[in-house]
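Listed below, chain by chain, are the residues.
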Amino acid sequence: MSLEEMNQYQLSLITSIQQERAKLEDKMKDADLEAMIAKANLYHNKLLNIKREMRTLTERSEALKKRALKLQEEKQKEALEYELERDKELQLEKQLSPVKPSTSTSTSSS
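The protein is annotated in an unreviewed UniProt entry as Biogenesis of lysosome-related organelles complex 1 subunit 6-like protein from Leptotrombidium deliense.

Draft legend 1. Molecular detail of the overall build of the protein. Within the protein one finds one helix and zero strands. With 110 residues in all, the protein has 0% of them scored as buried. For the protein, the accessible surface area stands at approximately 11400 Å², while carbon and sulfur atoms represent 57% of it.

Draft legend 2. Spatial organisation of the pattern of salt bridges. Going through the model one piece at a time under the given rule, you end up with two salt bridges. When the shortest N-O distance is used, the salt bridge between Arg21 and Glu25 registers 3.5 Å. Of the two residues, Arg21 and Glu25 are both situated in helix α1 (residues 3-96); the distance of four residues between them amounts to about one turn of the helix. Residue Arg21 is classed as exposed on the basis of its relative accessible area of 56%.

Draft legend 3. Geometry of a nonpolar patch on the surface. A cluster of nonpolar side chains, contributed by Met1, Met6, Tyr9, Leu13 and Ile17, occupies part of the molecular surface with about 590 Å² of accessible area. For Tyr9, the position within the fold is in helix α1.

Draft legend 4. Representation of a negative patch on the surface. A cluster of acidic residues, Glu73, Glu74, Glu78 and Glu81, forms a negative patch at the surface. Along the chain, the position of Glu74 falls in helix α1. Accessibility expressed as a relative area gives 36% for Glu74, which makes it partly exposed.

Rules and cut-offs
Note that residues are indexed from 1 along each chain, following the sequence as it is written. It should be noted that, the model being predicted, local features are given only for residues of pLDDT at least 70 and side-chain atom pairs only at 80 or more, the latter also being counted only at that level, while totals for whole chains, interfaces and linings use all residues. The side-chain quantities take in all heavy atoms of the structure and omit both hydrogens and water. Note on conventions: DSSP H or I runs of at least 4 residues are helices, E runs of at least 2 residues are strands, and numbering of each starts at the N terminus. Accessible area is worked out with a 1.4 Å probe on protein chains only. A residue is then buried under 20% of its type maximum, exposed over 50%, and partly exposed in between. Only the protein chains shown count as cover for residues, with accessible areas throughout obtained via the Shrake-Rupley method and a probe of 1.4 Å. The salt bridge definition used is simple: a Lys or Arg side-chain nitrogen within 4 Å of an Asp or Glu carboxyl oxygen. Grouping into patches uses exposed residues only, defined as over 30% relative accessible area, and leaves out salt-bridged ones; the cut-off is 9 Å for like charges and 5 Å for nonpolar side chains (Val, Leu, Ile, Met, Phe, Trp, Tyr). Positive: Lys, Arg. Negative: Asp, Glu. His and the chain ends are not part of the count. Throughout, a charge is located at the NZ atom of Lys, the CZ atom of Arg, the CG atom of Asp or the CD atom of Glu.

Below, the structure written as structure tokens:
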């Protein structure tokens, strides 16, 4: 083999190696891209789960607010009824209390 043939062979090997290296880099980029897509899908699913959980929490929170409002209204109603009943009892006591006889200023002593 002559020196020129060896140089030609070496150049063809270098070209072949560069082509294989480019293919390998493309494969690695594809693998990175696939990994990024898989990660994006994972985060998308996590986001959907968080949204669903937030919607559930919002619904539960609204239900609790309604229940709290209803309980507050019931308590206010009970307090009002209690006060009305108490006022009735006081009025009844006033009506039923014995009338004190008026004491006369002139009392005779014997």
